Amino acid sequence: VNYIFWQGKRLESLSFKLLELIVAEKQEYDFRTLKAEELVQDAVELTRTGREEKNIRLTMNLKEGTVTGDRDLLVSVFTNLLDNAIDACRALPSAAKERTISVMADVRGDYLFVRVTNPARREYAERPDKMGHGMGREIVGRIARACQGEYWTAMEDGVYTAAVVLQIGTEE
């Protein structure tokens, strides 16, 4: 019950931040120095049920590092990346043995790189964003930019890659 309560509070806070981000593109965010691996681990835990329901494997290679940003927004970015990867794997034939999502997080210089790769059909990867389905690529990009970062995707040889690069900083 306590877990449900705190997740509800987190989602309430996130919804207000996303509304401000979309409508005004400006808000006072709670920027702090955060451990990158904890942000990714939070997203992994939040998406566990979706993966387990469809027997989707997850591999992770997380390096230690910190990033400055708003915790709710950053966890929502990583959760969205994983949710999209899960959806893409679900769209594969049920006999597909390649239902594996790979998450890599690494610090290079002044940047944190997070990459999520998964198998996908090209038509799934190229589908347009729909209102009410996830946050969409545009919103993920806005969150990344609000946290001094970038977001991009690519599809090659049946593998979809979504990546976020965030500048490492210190609390102001």
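Refer to the structure above for everything that follows.
Read on for an overview of the structure. These numbers were taken from a predicted model, which means no experiment stands behind them.

Looking only at helices and strands, one finds 6 helices and 7 strands in the protein chain. Scanning the protein chain from its N terminus toward the C terminus, one meets helices and strands in the order α-β-α-α-β-β-α-β-β-α-α-β-β. Sequence-distant contacts, at least 24 apart, represent 71% of the contacts inside the protein chain between residues at least 6 apart. Working note: accessible area of the protein chain is about 10,100 Å², and carbon and sulfur atoms make up 50% of it.

One non-glycine residue, Asn55, lies in positive phi territory at about 50 degrees. Within the secondary structure layout, Asn55 lies in the loop between helix H3 (48-53) and strand E2 (57-62). With phi around 50 degrees, Asp157 is a residue other than glycine that occupies positive phi space. You can see Asp157 is positioned in the loop between strand E6 (149-156) and strand E7 (159-167). What makes Asp157 exposed here is its relative accessible area of 74%.

Quick look at the pairing of strand E3 (residues 66-70) now. Here E3 lies mainly inside the structure; 4 of its 5 residues are buried. Relative to E3, strand E1 (residues 31-35) is paired through 5 bridges, and the arrangement is antiparallel. Counterpart to Thr33 in the pairing with E3 is Thr68.

We now examine the nonpolar core. Counting 38 residues, the largest nonpolar core has Leu74, Phe78, Leu81, Ile101 and Leu166 as its most contacted members. Contributions of two or more residues to this core are made by helix H2 (36-46), helix H4 (71-90), strand E4 (100-108), strand E5 (111-119), helix H6 (136-146), E6 and E7. Sort the elements by how many residues they give to this core and H4 lands first, with 11 residues. Phe78 has contacts with Leu39, Val40, Ala43, Val114 and Leu166, leaving out every residue within four places of it along the chain.

For the rest of this paragraph, the subject is the environment of Asn55. Classification of Asn55 as exposed rests on a relative accessible area of 67%. Measuring from C-alpha to C-alpha, the distance between Asn55 and Thr100 comes to 9.0 Å, with 45 residues separating the pair along the chain.

Glancing now at the side chain of Asn118. Locating Asn118 in the fold gives a position in strand E5. Taking relative accessible area as the criterion, Asn118 reaches 3% and is therefore assigned buried. Excluding its chain neighbours within four sequence positions, the residues that come into contact with Asn118 are Ala85, Ala88, Cys89, Thr100, Ile101, Gly158, Val159 and Tyr160.

Our next topic: the sheet that holds E7. Within the open sheet, the 5 strands sit side by side as E2-E4-E5-E7-E6. Their pairing is mixed. Strands with a single pairing partner mark the edges of an open sheet, and in this sheet they are E2 and E6. Taking the axes of each pair of neighbouring strands and ignoring which way they run, one obtains an average angle of 10 degrees across the sheet. Alignment of E4 against E5, held across 7 bridges, turns out to be antiparallel. When the bridges of E5 are listed, Asp106 appears paired with Phe113. Along the sheet, H2 makes contact with E2, E4 and E5, crossing E2 at roughly 170 degrees.

With that out of the way, let us pick up H4. The first and last C-alpha atoms of H4 sit 28 Å apart over 20 residues, in line with the 28 Å expected at 1.5 Å per residue. When you tally the buried positions in H4, you get 16 out of 20 residues, the bulk of the element. The backbone nitrogen of Asp72 has a side-chain oxygen 3.1 Å away, supplied by the residue at the start of H4, namely Asp70.

Tallying each qualifying case throughout the model produces 6 salt bridges. Of the charged contacts in the structure, one is a salt bridge between Asp106 and Arg108, with a shortest N-O distance of 3.4 Å. Assessed through its relative accessible area of 19%, Asp106 is described here as buried. Given a relative accessible area of 43%, Arg108 falls into the partly exposed group. Each of Glu45, Arg48 and Glu52 takes part in a single network of salt bridges with overlapping partners.

Basis of the calculations
Residues numbered from 1 in each chain as written. Predicted model: local features only at pLDDT ≥ 70, side-chain atom pairs only at ≥ 80, totals over all residues. Heavy atoms only, no water. Helix = DSSP H or I, 4+ residues; strand = E, 2+ residues; numbered from the N terminus. Contact = heavy atoms within 4.5 Å. Areas by Shrake-Rupley, 256 points an atom, 1.4 Å probe, with all protein chains shown as cover. Buried < 20%, exposed > 50% of the residue type's maximum accessible area, 1.4 Å probe, protein only. Pairing = 2+ DSSP bridges. Core = buried A, V, L, I, M, F, W, Y, C linked by side-chain atoms within 4.5 Å. Axes fitted to C-alpha atoms, helices over the stretch in contact; angles between N-to-C directions. Expected span 1.5 Å × (residues − 1). Polar contact = N/O pair within 3.5 Å; in protein donor to acceptor, adjacent residues only side chain to side chain. Salt bridge = Lys/Arg side-chain N within 4 Å of Asp/Glu carboxyl O.

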